[in-house]
Amino acid sequence: MAGRRLVSIDGFECDLPDSPANGEYFGYAGGAGRSAFPKARVVSLVESGSHAPIGATIGPIVGKGLGEQSLARNLFGLLEPGMLLLADRNFHSWPDWLAATATGADLLWRVGASGRGGMALPVVAALADGSYLTVLYASRTRQPERDRILAAARAGHDFDQQRARIARVVEYEVTNRGEPDQTEPIRLLSTILDPVQAPAHTLAAAYHERWEHETGNGQLKTHLRGPGRILRSRSPDMVIQEIYGYLLTHHAISALICRAATEADIDPDQVKFLRTVRIVRRRITDPAAFSPDRLQHLLTAIHAEITTPRHLHPHRRHRSYPRVVKRMRHNSYRIKQPHDTGTRHTGPPTIKLQPTTTST
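Residues numbered from 1 in each chain as written. Predicted model: local features only at pLDDT ≥ 70, side-chain atom pairs only at ≥ 80, totals over all residues. Heavy atoms only, no water.

1. Focus on the overall build of the chain
Working step 1: Secondary structure summary: the chain contains nine helices and 14 strands in total.
Working step 2: Residue burial in the chain is summarised as follows: out of 360 residues, 44% are buried.
Working step 3: Restricting the contact set of the chain to residue pairs at least 6 apart, pairs at least 24 apart contribute 66%.
Working step 4: Of the roughly 19000 Å² of accessible surface on the chain, 53% is carried by carbon and sulfur atoms. (Helix = DSSP H or I, 4+ residues; strand = E, 2+ residues; numbered from the N terminus. Buried < 20%, exposed > 50% of the residue type's maximum accessible area, 1.4 Å probe, protein only. Contact = heavy atoms within 4.5 Å. Areas by Shrake-Rupley, 256 points an atom, 1.4 Å probe, with all protein chains shown as cover.)

2. Comments concerning the pattern of salt bridges
Working step 1: Throughout the structure, instances matching the rule amount to 14 salt bridges.
Working step 2: For Asp88, the salt bridge is made with Arg210, and the minimal N-O distance between the two is 3.7 Å. Taken together, the residues span a long stretch of sequence, with Asp88 in the loop between strand 4 (83-87) and helix 3 (94-101) and Arg210 in the loop between helix 5 (200-207) and helix 6 (211-224) at a distance of 122 residues. The burial state of Asp88 is the same as that of Arg210; both residues are buried.
Working step 3: Arg168 is the salt-bridge partner of Asp129, the closest N and O atoms lying 2.6 Å from each other. Within this pair, whereas Asp129 is found in the loop between strand 6 (125-126) and strand 7 (132-137), its partner Arg168 is found in strand 8 (residues 164-174), the two being separated by 39 residues in sequence. A single burial state applies to Asp129 and to Arg168, both of which are buried. (Salt bridge = Lys/Arg side-chain N within 4 Å of Asp/Glu carboxyl O.)

3. Quick look at the packing of aromatic side chains
Aromatic rings considered in pairs are described by the distance between their centres and by the relative angle of their planes.
Working step 1: What the rule picks out here adds up to two aromatic pairs.
Working step 2: Relative to Phe26, the ring of Tyr25 lies with its centre 4.7 Å away and its plane at 80 degrees, an arrangement referred to as edge-to-face.
Working step 3: Among the residues examined, Phe26 registers a relative accessible area of 0% and is labelled buried.
Working step 4: On the numbers, 5.4 Å between centres and 90 degrees between planes, the contact of Trp97 with Trp109 is edge-to-face. (Phe/Tyr/Trp six-rings, centres within 6.5 Å; stacked < 30°, edge-to-face > 60°.)

4. Topic: unusual backbone geometry
Working step 1: In this structure, His51 takes a positive phi of about 70 degrees despite not being glycine.
Working step 2: If you trace the backbone, His51 turns up in the loop between strand 2 (39-47) and strand 3 (53-60).
Working step 3: For His51, a relative accessible area of 7% gives the class buried.
Working step 4: Notably, Asp265 is not glycine yet its phi reads approximately 60 degrees, a positive angle.
Working step 5: A relative accessible area of 70% means that Asp265 is categorised as exposed.

5. So, helix 3
Working step 1: Burial of helix 3 is extensive: six of the eight residues sit out of reach of the surface.
Working step 2: When we look at burial in helix 3, the residues that qualify are Trp94, Asp96, Trp97, Leu98, Ala100 and Thr101.

6. So, the pairing of strand 4
Working step 1: With respect to burial, strand 4 is a largely interior element, five of its five residues being buried.
Working step 2: Of the two faces of strand 4, the one carrying Met83, Leu85 and Ala87 and the one carrying Leu84 and Leu86 are both buried.
Working step 3: Pairing geometry for strand 1 (residues 5-15) and strand 4, over five bridges, is parallel. Bridge assignment links Arg5 to a residue of strand 4, and that residue is Met83.
Working step 4: Two elements, strand 4 and strand 5 (residues 106-111), share four bridges in a ladder whose sense is parallel. In the sheet register, Leu84 faces strand 5, and the bridge partner there is Asp106.
Working step 5: Traced from strand 4 through helix 3 to strand 5, the parallel crossover comes out right-handed. (Pairing = 2+ DSSP bridges. Right-handed = clockwise from strand over helix to strand, strands pointing away.)

7. A short note on the environment of Arg225
Working step 1: Structurally, the position occupied by Arg225 is in the loop between helix 6 and helix 7 (236-264).
Working step 2: Separated by 21 residues in the primary sequence, Arg225 and Tyr246 place their C-alpha atoms 7.6 Å from one another.
Working step 3: Apart from the residues within four sequence positions on either side, Arg225 is in contact with Cys14, Asp15, Leu220, Leu231 and Tyr246.
Working step 4: Of note is the side chain of Arg225, whose polar atom sits 3.4 Å from the backbone oxygen of Lys221. (Polar contact = N/O pair within 3.5 Å; in protein donor to acceptor, adjacent residues only side chain to side chain.)

8. A closer look at helix 4 (residues 143-154)
Note on helix geometry: an α-helix contains 3.6 residues per turn, so any two residues three or four positions apart are oriented the same way.
Working step 1: A rise of 1.5 Å per residue sets the reference length of helix 4, with its twelve residues, at 16 Å; its end C-alpha atoms lie 16 Å apart and thus fit the reference within 8%.
Working step 2: Buried within helix 4 are the following residues: Ile149, Leu150, Ala152 and Ala153. In a view along the axis of helix 4, the buried residues occupy a sector of 160 degrees, so they form one face of it.
Working step 3: In the core, the buried residues of helix 4 are packed alongside strand 7 and strand 8. (Expected span 1.5 Å × (residues − 1). Arc of directions from axis to C-beta.)

9. Remarks on the packing of helix 8 (residues 273-283) against helix 9 (residues 295-306)
Working step 1: Running from amino to carboxyl end, helix 8 crosses helix 9 at an angle of 150 degrees, the nearest separation of the two axes being 10 Å. Classed by the angle they form, the pair helix 8 and helix 9 counts as roughly antiparallel. Judged by the sense of rotation from one axis to the other, the crossing of helix 8 with helix 9 is right-handed. When helix 8 is examined against helix 9, the residues Thr276, Ile279, Arg282 and Arg283 are found in contact with a partner set consisting of Leu298, Ala301, Ile302, Glu305 and Ile306. (Axes fitted to C-alpha atoms, helices over the stretch in contact; angles between N-to-C directions. Parallel < 35°, antiparallel > 145°, perpendicular 65-115°, else oblique. Left-handed = near helix turned anticlockwise from the far one by under 90°.)

All quantities given are derived from atomic positions and should not be read as evidence of function.
In structure tokens, the structure reads:
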């Protein structure tokens, strides 16, 4: 997107064996109505195009400083110039915005919508593509200082970059997903300030690539580990080792799919992940599969097999799902019911930019 490599940051949870060591170290979710098994929290940095994990950090499910936002800070060191980091609204804070931008990567983060407990984002300048520039303030900045910084920004004057930063805001709705009265406004913050480099519609479409991270998490948890299965390890050190084993395996298979798709000149999303897993499992049972003189021949055969038409999706399906969870958790989403199924759509999401007002 705009010459940048799309990456995203997000987390998921793993059920663990209910051993005393795992329970003490990782903890149980849910407080009084605690979960049946201890859980480990995994936060990963993933390349959107290939679903390949770039890095990950693992921690307990409960405890101060152990949420997704805290664990994500350990991954900022993996960011590089030329990347565009996508993140959901749970990850934004002033210190994290500064830390992530200091890496040279660009950011595209969602924040709460105006009027729904979201941030106050005053308009510094309206842009021709429907987005606008705003000021992000350091934590605990008093209102008089905010007013001075905002006035300086609107006049084009310099101000202390440790107290505030200029960011770009894109506000929009997706009008052809869900019921009309349930349309949720989406508000994005970006470090890409020039609309010529990345128009508002382009940024809005790019943000929806964040769901590729969810797809990658599903591949790891369902196709590699097995649906509904807990991990095997009964000690914290072995749990961490087992999770990294799954992450490395997922990276290897994602890289294999991406290389094969590149050679076949197709989109990696067309390659069926589960079918690829089965092909690889079948191939590696060959005792001579990894001998040095046969390795390239084996890879060529696997590339050809996983990109044959019967192993490809004919096209990417446009689907949407209700915001529900399968089991009770400590968040606000309701439990999935039998009628909560995916909806197929005939085309991509329709993005409607929201008008900018100077009173924002």
